[in-house]
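The residues making up each chain are set out below.
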Amino acid sequence: MHPTVRQDIEGPLPEGLGQAIRDTAGDIAALLRNVTDSGGAVPNSQWTIGEAAAHLALANELMADLALGRERPYGDGTPQSLAAANEESLAVFEERRAQPLAAMIIEQAEVFLEAVERTGAQTDGGADGRPLLTPLGPLDQATLASYLLTHMLGHGYDLARAVGRPHMIDRDRVALCMPFMLQVMPRVADAAAISGLTARYAIRLRGGATIGVTLTDGTVRVTPGRPDSADCTILIEPVTFLLIALGRRNPYGAMARGQVLAWGRKPWLAPRFPNLFTAP
């Protein structure tokens, strides 16, 4: 479909989410189009630029299939199983050239959006109301779209660093990632780190939403809004929040730069918070 005649596929998705997915795919493709050596390294990663781009293309295709209700087993949600599934998928997909992968990233993002438009994003799951089975648990289509955006932003950030260009993450896109973040946080909690811990956190994104994270001896509950009687309130710049959550920023460096502030009756709980979760 030619860009000048594309519809603004928003449909059943929350306002702005469909366009953010399309824009992010386009931003990533723009980073790749001038890459002549896709064997260059991605900082803080074992992947090359070509491997990271291939992973994104394959992941967008996976998400499009999931949006259509197709079952695509892909690990069991643990970081180790997801890493293994990533390597297995890359082993059988040989394309590493930047330009074809840029086109595939855009194409599969469009396929995802069209799938959602056709089937209709349901609050309880896919077109038939059943939850969609994803690598990080059952999700409805709207939350799956938030997942897709979050995934692209994380790897888009990596590719931007690899080619020395500005990344595409901003506070508006972070806000659209939050439905997925709220749902996935309990699933990626570190069982050893939360064992025996009872605490109530209020996580405030500067100029944005507040979420409550309540830990009770091995269980995690995440809710929109501030929890009653928070032990520790953490105020954090939104882009910094997402990068820390995705394992792309050192939380202690962000604290030292004043991008993270904490207060409350137990402010010493703040440095502990990032270690309670494992980046998916």
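Draft legend 1. Fine view of the overall build of the chain. In terms of regular secondary structure, the chain is built from 9 helices and 7 strands. What you see for the chain is a C-alpha radius of gyration of 19 Å, in line with the 19 Å of a compact globule of 280 residues. Counting only C-alpha atoms, the chain reaches 55 × 45 × 35 Å along its principal axes. Sequence separation of 24 or more characterises 69% of the internal contacts of the chain that already satisfy a separation of 6 or more.

Draft legend 2. Main features of the side chain of D140. Relative to the helices and strands, D140 is located in the loop between β2 (137–139) and α5 (141–163). Within the structure, D140 has its side chain in polar contact with the backbone nitrogen of A142 (distance 3.0 Å). Looking at D140, its side chain comes within polar contact range of the main-chain nitrogen of T143, at 2.8 Å.

Draft legend 3. Broad picture of the sheet that holds strand β7 (residues 260–263). Strands sit in the order β5-β4-β3-β6-β7 across an open sheet of 5 strands; the sheet is mixed. Only two strands of the sheet have a single partner each, and these edge strands are β5 (219–224) and β7. On average, adjacent strands in this sheet sit at an angle of 20° to one another, irrespective of strand direction. Across 7 bridges, strand β3 (residues 198–205) lies against strand β4 (residues 210–216) in antiparallel orientation. Each bridged residue has a counterpart across the sheet, and for Y201 the counterpart in β4 is V213. Each of β3, β4 and β5 touches helix α6 (residues 171–184); the most contacted strand, β5, lies at about 145° to it. Where helix α8 (residues 238–245) meets the sheet, it contacts β3 and β6 (232–236), and its direction lies at approximately 105° from that of β6.

Draft legend 4. Structural context of the pairing of β6. A large share of β6 lies buried, amounting to 5 of its 5 residues. A two-sided burial pattern is seen for β6, the buried positions comprising C232, I234 and I236 on one face and T233 and L235 on the other. Pairing of β3 with β6, which is carried by 5 bridges, proceeds in the parallel orientation. What sits directly across from L205, in β6, is I236. Alignment of β6 against β7, held across 4 bridges, turns out to be antiparallel. Paired with I236 across the two strands is V260, which belongs to β7.

Draft legend 5. Region of the structure containing the pattern of salt bridges. As enumerated under the stated definition, the model contains 8 salt bridges in all. Between R70 and D65 there is a salt bridge; the shortest N-O distance is 2.8 Å. We classify D65 as buried; its relative accessible area is 15%. When the shortest N-O distance is used, the salt bridge between D158 and R248 registers 2.7 Å. With D158 in helix α5 and R248 in the loop between α8 and α9 (251–256), this pair connects stretches of sequence that are 90 residues apart. Residue classification places R248 among the partly exposed positions, given a relative accessible area of 21%.

Parameters and conventions
- The residue count restarts for each chain, going from 1 along the sequence in the order it is written.
- Totals for whole chains, interfaces and linings use every residue, but because this is a predicted model, local features are given only for residues with pLDDT of at least 70 and side-chain atom pairs only at 80 or more, for both listing and counting.
- Calculated side-chain values reflect all of the structure's heavy atoms, with hydrogen atoms and water omitted.
- Labels follow the DSSP assignment, with helices taken as runs of H or I lasting at least four residues and strands as runs of E lasting at least two, numbered in each case from the N terminus.
- Radius of gyration here is computed from C-alpha atoms only, and the compact-globule reference equals 2.2 Å multiplied by the residue count raised to the power 0.38.
- Residue contacts are counted whenever heavy atoms from the two residues lie within 4.5 Å of one another.
- Polar contacts, as counted here, are pairs of nitrogen or oxygen atoms within 3.5 Å of one another; within protein the pair requires one atom able to donate a hydrogen and one able to accept it, and residues that are adjacent in sequence qualify only if both atoms are side-chain atoms.
- Should DSSP find at least two bridges between two strands, the strands are taken to pair.
- Whenever a helix is involved, its axis is fitted only over the stretch in contact; in every case the axis is a line through C-alpha atoms, and angles between N-to-C directions fall within 0 to 180 degrees.
- When a residue's accessible area, from a 1.4 Å probe over protein chains only, is under 20% of the maximum for its type it is buried; when over 50% it is exposed; and in between it is partly exposed.
- Just to be clear on terms, a salt bridge is a Lys or Arg side-chain nitrogen sitting within 4 Å of an Asp or Glu carboxyl oxygen.

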